[in-house]
Amino acid sequence: MSLNDILDSLFPAGHAVNVENKVISGEATTAKGTVAVLGTTDAAAIDHAMALALSGFILDTIEQHPGRPLVFLVDTSGQALSRSQELLCLNGSLAHLASCVDLARRQGHASLSLVTANAVSGGFLSFGLMADRAYALADAQVRVMDLRAMARVTKIAHERLVELAATSPIFAPGAESYVRMGAIEAIWPALSAERLVSALEEVVILDKQDIRQQLGLLRQGRLLANDVVRAVLDAAAG
Amino acid sequence: MIPSLAARHSWFEATARARLAGLLDAGSFTEILPPADSQPSPHLALLDLPGAFDDGVVVCHGQLEKKPIFAIAQEGQFMGGAVGEIHGAKIVGMLRRAAQEKPAAVLFLIDSGGVRLHEANAGLIAISEIMRAVLDARAAGVPVIALVGGSCGAFGGMGIVAKLCSAIIISEEGRLALSGPEVIETVAGVEEFDSKDRALVWRVTGGKHRYLMGDCAMLVEDDIAAFRRGATEFLASWTEPAPSVAHLRAGQQALEHRLAAYASYRDGLQVWAALGVAEPESVPLLDRDSLVALKEGLPT
């Protein structure tokens, strides 16, 4: 599915979006008004230039269009893997991008992300998972690492991981695991302008607290985190 | 005054609990969810791996020079300090508590390779929650200071978390990056990054390089008392800024200029020369005080 198909399906009323170096930026018309559209395409491996293009566009939007909702389209294979990128502190540019998404929230910009194809580790952390809410298309790949690589690194038999993945969302790759654990709100069976508009309506009035742990417990995918956070909050002061 | 070598306690070699004992005022350490009130990770048990009752992170109240502070200390010697479900939730809870109770600071002793792969999805989501909780604590006016000098450094998602903190205090032994050199070598080849070349790894990810480039606010000796003095000194002159466009615009400009100037470099030696260091090859040999003097003499 091409980016243009995605944009046409989500924004039938019109969009003006630029793609440069796998970075998407622009705006689109929806039934809820104009939204900023940004993100990455073609399984981008996020590097400094991409992170700074996204963060710069977010800052422009905050300054020039106060309150305009942000719609992130996520297709990232993770972070760029190179020595020159690490030399300049790639984690710093990704943190800067995450800070800009966070600032937009504090300044009253609702945000949602839609995983269109891939969402992997550092690339997903820096913007997709920073949005108020995340969604994924049905065939999207969401993961830290595939099970074969995980078997290699952890030295646990691949068959054993496959067996456990069938019952545990804790390390089974896939958007469904992230829904059960509270980090993705819902899986969209298909691209739909109506779904996007109702998601925007919900996100605009959303409480801005991070409630992913509660959702993970409600959906029975993450049974411990919520209680541990509560226990730390409620423990007697020293 | 030069402290005697006998009096020095290496941060790098110490456990998380020993670091806290030397960092905080004597007798002020009060653990939240101590091992007796906690449980090891059931996800590790499912894989027949040994767990730890604190799941590799200690969270506590304490004091630093009589000021109330919260501290979070990752144990690099358990699963590489990696973030699993319980580990991550303890950190999130402490950061949220800080936003409510407003201690003078949160000291975040990072020693972690990032996500615990055995709990991969839970670890990734927990790091995302930590990222938001750090920014929420800071927005509530509570400085969050990252202390990096352990054997696992600050890598993966924890490298991002470190850079979301108010400041990073690092030792020469500390390392800070996103992907580990081994990962880059595996994927991109040994020509791209030779993870066995220890000197190169330090010139790309090590404490001196991060300090010279301004990614870390302070460079300290590999000594628990030096981290304590560094944190005290930093906090004495720091007021947490409110989140603002102006602040992030300034950061954006600095990062853009840096990328434009140094994008083609692949070794710290090249960056240091460009920063105005007359003898870049001498940097790895300089002691901490000489390096700080060198950095302070650089053109800005």
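See the structure shown above.
A quick note: this is a predicted structure, and the numbers were derived from the prediction, not measured.

Attention now goes to the pairing of strand S7 (residues 133–137) of chain A. Residues and elements named next belong to chain A. Judged by how many residues are buried, S7 sits mostly within the fold: five of five residues are covered. Of the two faces of S7, the one carrying Arg133, Tyr135 and Leu137 and the one carrying Ala134 and Ala136 are both buried. One ladder, built from four bridges, connects strand S6 (residues 111–120) with S7; its direction is parallel. Its bridge partner lying in S7, Leu112 is registered against Arg133. Between S6 and its parallel partner S7, the chain crosses via helix H5 (residues 121–126), and the hand of that crossover is right-handed. Bridge analysis of S7 against strand S9 (residues 186–188) gives three bridges, and the strand direction is parallel. Among the inter-strand pairings, Leu137 is bridged to a residue of S9, identified as Trp188.

Moving on: empty space enclosed by the protein. This structure, assessed with the given rule, holds one cavity of 30 Å³ or more. Roughly 30 Å³ of internal volume is contained in the largest cavity. Lining of the largest cavity is provided by His48, Leu52, Leu88 and Ser93 of chain A together with Leu255, Arg258 and Leu259 of chain B. Contributions of two or more residues to the lining of the largest cavity are made by helix H2 (48–64) of chain A together with helix H10 (245–262) of chain B. Take the lining of the largest cavity: its biggest share by element is three residues, from H10 of chain B. Looking at side-chain class alone, the lining of the largest cavity contains four nonpolar, two polar and one charged residues.

Our next topic: the interface of chain B and chain A. Contact residues are listed per partner, giving 78 residues for chain B and 76 residues for chain A. Buried surface at the junction of chain B and chain A, summed over both partners, amounts to about 6700 Å²; 67% is from carbon and sulfur atoms. Interface area lost by chain B to chain A is led by Leu117, Asn121 and Arg132 of chain B, which between them contribute 12%. Put simply, chain B and chain A have four salt bridges between them. Across the pair Glu129 of chain B and Arg222 of chain A runs a salt bridge, and its minimum N-O distance is 2.8 Å. Linking chain B with chain A are 32 residue pairs in polar contact (both at pLDDT 80 or more), by the criterion used here. Broken down by element, the residue count for the side of chain B that touches chain A peaks at 13 residues, all from helix H4 (residues 120–139) of chain B. Of the residues contributing to the side of chain B that touches chain A, the split by class is 42 nonpolar, 17 polar and 19 charged.

Here we take up helix H9 (residues 224–236) of chain B. Residue and element names in this part refer to chain B. Here H9 is 13 residues long and its end C-alpha atoms lie 19 Å apart, about the 18 Å a rise of 1.5 Å per residue gives. Along H9, the residues classified as buried are Ile224, Ala226, Phe227, Arg228, Gly230, Ala231, Phe234 and Leu235. In this fold, the buried residues of H9 make contact with helix H1 (16–23), strand S2 (57–64), strand S4 (105–110), strand S5 (144–148), strand S6 (167–171) and strand S7 (218–220).

All names here are of chain B. Most of S2 sits inside the fold, with seven of its eight residues counted as buried. Looking at chain direction, strand S1 (residues 30–32) and S2 are connected through three bridges and run antiparallel. The residue bridging Thr30 from the neighbouring strand is His61, located in S2. In terms of strand pairing, S2 meets strand S3 (residues 67–74) through eight bridges, oriented antiparallel. Its bridge partner lying in S3, Gln63 is registered against Pro68. Hairpin connection between S2 and S3: a loop of two residues separates the two successive antiparallel strands, and Glu65 in this loop has a positive phi of roughly 50 degrees.

Looking now at the sheet that holds S5 of chain B. Residue and element names in this part refer to chain B. Strand order across the open sheet formed by seven strands is S1-S2-S3-S4-S5-S6-S7, with mixed pairing between neighbours. Sheet topology places S1 and S7 at the edges, where each strand pairs with a single neighbour. When the angles between neighbouring strand axes are averaged without regard to direction, this sheet yields 25 degrees. Here S6 pairs with S7 via three bridges, running parallel. Counterpart to Ile170 in the pairing with S7 is Leu219. Contacting S1, S2, S3, S4 and S5, H1 runs over the sheet at an angle of about 160 degrees to S3.

Attention now goes to the layout of surface pockets. The computed volume of the largest pocket comes to approximately 1400 Å³. Lining of the largest pocket is provided by 42 residues; of these, Met145 and Val153 of chain A together with Leu117, Gly180 and Val183 of chain B occupy positions nearest its centre. Sorting elements by how many residues they give to the lining of the largest pocket places helix H6 (residues 181–188) of chain B first, with five residues. Taken together, the residues of the lining of the largest pocket break down into 20 nonpolar, 17 polar and five charged. When contributions to the lining of the second largest pocket are tallied by element, the ones reaching two or more residues are helix H4 (90–106) of chain A together with H4, helix H5 (157–164), S6 and H10 of chain B. At eight residues, the largest contribution of residues to the lining of the second largest pocket is made by H4 of chain A. Tallied by class, the residues present in the lining of the second largest pocket amount to 20 nonpolar, nine polar and seven charged.

All names here are of chain B. Running from amino to carboxyl end, H1 crosses H9 at an angle of 55 degrees, the nearest separation of the two axes being 9 Å. Here H9 runs oblique to H1, going by the angle between their axes. By crossing handedness, the relation of H1 to H9 is classed as right-handed. Residue-level inspection shows Ala18, Arg19, Gly22 and Leu23 of H1 in contact with H9, the latter providing Ile224, Phe227 and Arg228. Per-class residue counts for the contact of H1 with H9 are four nonpolar, one polar and two charged.

Moving on to the pattern of salt bridges. Side chains that differ in charge, positive against negative, can pair when their charged atoms come close. Residue and element names in this part refer to chain B. Using the criterion set out here, one finds 32 salt bridges over all chains in the structure. Among the ionic pairs, Arg8 bridges to Glu221, the shortest N-O distance being 3.5 Å. One end of the pair, Arg8, is in the segment before H1; the other, Glu221, is in the loop between S7 and H9, with 213 residues separating them in the sequence. Exposure remark for Arg8: the relative accessible area of 33% places this residue in the partly exposed category. When its relative accessible area of 26% is taken as the criterion, Glu221 is described as partly exposed.

Cut-offs and rules
- Residues numbered from 1 in each chain as written.
- Chains lettered and ligands numbered in written order.
- Predicted model: local features only at pLDDT ≥ 70, side-chain atom pairs only at ≥ 80, totals over all residues.
- Heavy atoms only, no water.
- Buried < 20%, exposed > 50% of the residue type's maximum accessible area, 1.4 Å probe, protein only.
- Helix = DSSP H or I, 4+ residues; strand = E, 2+ residues; numbered from the N terminus.
- Pairing = 2+ DSSP bridges.
- Right-handed = clockwise from strand over helix to strand, strands pointing away.
- 1 Å grid on protein atoms, 1.4 Å probe; cavity = no way out; pocket = protein on both sides within 12 Å on 5 of 7 lines; lining within 4 Å.
- Points joined across faces, edges and corners; volume = space filled by probe spheres on them.
- Nonpolar A, V, L, I, M, F, W, Y, C, P; charged D, E, K, R; others polar.
- Contact = heavy atoms within 4.5 Å.
- Buried area = accessible area lost by both parts, 1.4 Å probe.
- Salt bridge = Lys/Arg side-chain N within 4 Å of Asp/Glu carboxyl O.
- Polar contact = N/O pair within 3.5 Å; in protein donor to acceptor, adjacent residues only side chain to side chain.
- Expected span 1.5 Å × (residues − 1).
- Axes fitted to C-alpha atoms, helices over the stretch in contact; angles between N-to-C directions.
- Parallel < 35°, antiparallel > 145°, perpendicular 65-115°, else oblique.
- Left-handed = near helix turned anticlockwise from the far one by under 90°.

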